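Examination of the molecular architecture
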Amino acid sequence: MNNQWTMPWITVAISAVVLGLGLLPELFQWLYFDRALIVDQQQWWRLLTGHLVHSSEAHLGWDLLGFMVFAGIAECWHRKKLIVSVGMALFMLDCLLLSPFGLDRYCGLSGVLCAPATLVLWAHFNKQRDVLHFLPLLIAGLKLVVEENNADLLLAQQGWPLYAPAHWVGVMAGTLSLALAKCANVLYQAGYYQRSL
């Protein structure tokens, strides 16, 4: 990632939209992911807006805080990698949600924010590959395992069950975007591209 810091305008814009929608709870019913409404009534906007709305103030607060921290840092380091990782996360999450393994309804930014979180945690580990720098990756991995095994207990107060596979998909999207960036840099160094990711 680059050493130059830039203003994370994309993160700020997405966070402002998420916060604004959180302040207008009456819009929630028109925006959350609902498989039947998407497939049967072609309400395709829900494929995007379902990731931007939340089922409670606590849900909104935690997701927004995580997104602002991880996406903000990732964007300051390398805006293109953030865009690719978030785009891949949105696409992969929607494919999962529409699949037979998906959910009838879903909302929240947590799956998407796992993609830039993966970028940031991997960059942190790559700075110096030792136990101390590996610890955040280990903690994040343990969090995913705990969520997977306790999905019914976590976030029960919001009335919507935690969907741990969304977090795994976000991690996979972040990992794939890192792999694509690595491949692009290899091709760039070999002279196939004029600019790298």
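A brief look at the structure comes next. (Residues numbered from 1 in each chain as written. Predicted model: local features only at pLDDT ≥ 70, side-chain atom pairs only at ≥ 80, totals over all residues. Heavy atoms only, no water.)

1. Considerations on the nonpolar core
Applicable threshold: Among buried residues, the Ala, Val, Leu, Ile, Met, Phe, Trp, Tyr and Cys ones that are joined through side-chain atoms within 4.5 Å form a nonpolar core. Categorising residues by exposure relies on relative accessible area from a 1.4 Å probe, with only protein chains included: less than 20% of the type maximum marks a residue as buried, more than 50% marks it as exposed, and the intermediate range marks it as partly exposed. Any two residues whose heavy atoms approach within 4.5 Å at even a single point are treated as in contact.
Within the largest apolar cluster, 38 residues are counted, with the highest numbers of intra-cluster contacts made by V18, F33, V53, Y106, Y163 and A173. For F33, the residues in contact, after removing those within four places along its chain, are I38, R46, L47, G50, L97, L98, L103, D104, R105 and Y106.

2. Details of the pattern of salt bridges
Here is the rule: For salt bridges, the criterion is a side-chain nitrogen of Lys or Arg within 4 Å of an Asp or Glu carboxyl oxygen. Counting from the N terminus, the helices are the DSSP runs of H or I reaching at least four residues and the strands are the DSSP runs of E reaching at least two.
Taken as a whole, this structure holds two salt bridges when the rule is applied. Salt-bridge contacts for D104 lead to R35; the nearest nitrogen and oxygen are separated by 3.6 Å. A residue pair is termed long-range when its members are at least 10 positions apart, and D104 in the loop between helix 6 (79–98) and strand 2 (105–106) and R35 in helix 3 (residues 35–41) qualify at 69 residues.

3. A look at the packing of helix 5 (residues 57–77) against helix 7 (residues 110–127)
Quick reminder of the rule: To get an axis, fit a line to the C-alpha atoms, keeping to the stretch in contact for a helix; angles then go from 0 to 180 degrees between the N-to-C directions. Here roughly perpendicular refers to angles of 65 to 115 degrees, roughly parallel to angles under 35, roughly antiparallel to angles over 145, and oblique to all remaining angles. We call a crossing left-handed when the near helix sits turned anticlockwise from the far one by less than a right angle, and right-handed when that turn is clockwise. The residue classification treats Ala, Val, Leu, Ile, Met, Phe, Trp, Tyr, Cys and Pro as nonpolar and Asp, Glu, Lys and Arg as charged. All others, Gly included, are polar.
Taken N-terminus to C-terminus, the directions of helix 5 and helix 7 make an angle of 50 degrees; their axes are 8 Å apart at the nearest point. Judged by the angle between their axes, helix 5 and helix 7 are oblique. Once helix 5 is placed against helix 7, the crossing between them reads as left-handed. Mapping the contact onto sequence places D63, G66, F67, F70, A71, I73, A74 and W77 in helix 5 and S110, L113, P116, A117, L119, V120, A123 and K127 in helix 7. In terms of residue class, the contact of helix 5 with helix 7 is built from twelve nonpolar, two polar and two charged.

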